[in-house]
Amino acid sequence: MHSINQLMLSAFRRVPKRLVKPIAMRYIAGEGLEDAVRVVRGLNARGMMATIDVLGEDVSAMEESEQAREACARVLKTIQEERLNANLSIKLTQFGLKIDETLGYENVNKILQIARDRRNFVRIDMEDSSITGSTLDLYERLRSEGFDNVGVVIQAYLRRSEEDVRKLIRVRANVRIVKGIYVEPETIAFKDREEIRRNYLKLLRMLLEARCFLAIATHDEFLVKGAFQFIREMDLPQSAYEFQMLYGVRAKLRDQILAKGRRMRIYVPFGTHWYSYSMRRFQENPQMVRYLLQALLVKN
Ligand code: FDA
């Protein structure tokens with residue numbers, strides 16, 4: 001991110017949450033599960049699938065991780081009862097991975113069992129680099145235990161990702177590929193925009209060639225075009241991949257992909273813990289920071 005945006009963002013962190021909220025809600029379905037259901041129903045009606053995320057991360061107490069698990073179980077139940085075309089995305093730190101790896105593992109194992117009983121799928125989001133290794137280990141453990149309703153995420157900005165992709169190919173993993181959103185040091189992450197794009201396309205090609213199911217998650221037209229080219233060259237069926245985008249971001253590009261008859265899944269977050277998620281989204285969009293600073297100047 002440019003330093004001017006960084007400055008604006010750090011100024012913005014001092015803005016009261018009640019001013020941030022109306023703008024944050026562009027990226028979030030709402031605070032309740034009923035809000036997520038309403039948004040997903042609308043997306044489904046327009047031919048899109050969804051993945052629902054119960055906002056929250058980095059819990060510090062066991063009870064909080066149990067609450068997160070219960071909330072995810074409610075989402076899976078509701079998806080089935082309301083006949084929504086949606087699955088679930090989770091964060092391992094929400095399930096207690098940083099308190100105790102066994103606790104994190106047990107919570108995810110329970111969620112996967114519930115999802116399997118309800119014939120649904122769970123994607124494990126990728127968080128910052130302090131838990132990349134443990135997230136991938138946990139994913140491989142779950143797969144070796146027979147869960148095939150689980151997928152993981154690879155971040156193209158991480159230098160280690162090529163090696164990780166090689167390992168994931170061995171287990172025919174279901175992978176979402178993203179650029180990566182956390183601030184990481186140059187020693188472990190590419191910083192240059194073009195270098196990240198190159199690595200994204202390289203990893204994308206490796207995964208598609210190996211016939212791993214791929215969720216192509218990006219709002220970058222350059223990468224979307226690159227993906228289309230590989231798909232054409234490899235003559236891949238629609239069942240081999242899907243595109244994914246975030247709720248509230250680049251609806252025009254999303255509709256163009258849909259108009260080409262491709263499968264599109266929208267990441268729909270909801271919940272009361274919306275602040276850190278929104279801050280990450282604002283970082284990606286300088287225009288948002290401008291809106292937010294304008295909000296600062298409005299008298300209340
Ligand atoms: P880029 O950031 O270059 O965006 C391309 C263009 O899209 C920008 O020029 C801008 O116009 C527009 N745009 C992008 N973000 C915007 C925003 N917030 N508001 C308005 N316009 C915006 N990361 C991670 O580390 N772990 C994860 O598990 C996930 N999961 C995930 C799921 C899905 C479905 C998506 C789409 C993304 C993620 N990410 C993620 C986030 C990802 O790593 C990355 O930060 C964003 O997708 C932005 O990168 P792009 O590839 O979209 O390119």
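Refer to the structure printed above.
Position labels on residues start from 1 in each chain and follow its written sequence. With pLDDT at 70 or above as the cut-off, local features in this predicted model cover only qualifying residues; side-chain atom pairs require 80 or more to be listed or tallied, and sums for whole chains, interfaces and linings still use all residues. Remark: hydrogens and water are excluded; side-chain values derive from all non-hydrogen atoms of the structure.

(A) Highlighting the pattern of salt bridges. What makes a salt bridge here is a side-chain nitrogen of Lys or Arg within 4 Å of a carboxyl oxygen of Asp or Glu, nothing more. Under the definition given, this model contains 22 salt bridges. Across the pair E194 and R197 runs a salt bridge, and its minimum N-O distance is 3.1 Å. Taken together, the positions of E194 and R197, both in helix 8 (residues 193-209) and 3 residues apart, correspond to about one turn of that helix. Note on exposure labels: buried denotes an accessible area under 20% of the residue type's maximum, exposed denotes more than 50%, and partly exposed covers the range between, all computed with a 1.4 Å probe on protein chains only. When its relative accessible area of 34% is taken as the criterion, E194 is described as partly exposed. R197 gets classed as buried once you look at its relative accessible area, which sits at 10%. Ionic pairing is found between R205 and E209, a salt bridge with its closest N-O pair at 3.1 Å. Taken together, the residues R205 and E209, both in helix 8 and 4 residues apart, mark about one turn of the helix. Strands here mean DSSP runs of E at least two residues long; helices mean DSSP runs of H or I at least four residues long; both are numbered from the N terminus.

(B) Spotlight on the packing of helix 5 (residues 101-117) against helix 6 (residues 132-144). Across the interface, helix 5 lies against helix 6 with an axial gap of 11 Å and an inter-helix angle of 45 degrees. Regarding the angle of helix 5 to helix 6, the classification is oblique. Handedness of the helix 5/helix 6 crossing: right-handed. Contacts between helix 5 and helix 6 pair E101, G104, Y105, V108, N109 and L112 from the former with S134, L138, R141 and L142 from the latter. Considering only residue class, the contact of helix 5 with helix 6 consists of 5 nonpolar, 3 polar and 2 charged. Each axis is a line fitted through C-alpha atoms, taken for helices only over the stretch in contact, and angles between the N-to-C directions span 0 to 180 degrees. Every angle not falling under 35 degrees, over 145, or within 65 to 115 is termed oblique; those three ranges are roughly parallel, roughly antiparallel and roughly perpendicular. Helix crossings fall into two classes, left-handed where the near helix is turned counterclockwise from the far one by less than a right angle and right-handed where it is turned clockwise. Contact between two residues is taken to exist if any of their heavy atoms lie within 4.5 Å; hydrogens are not considered. Classes in brief: Ala, Val, Leu, Ile, Met, Phe, Trp, Tyr, Cys and Pro nonpolar; Asp, Glu, Lys and Arg charged; the others, Gly included, polar.

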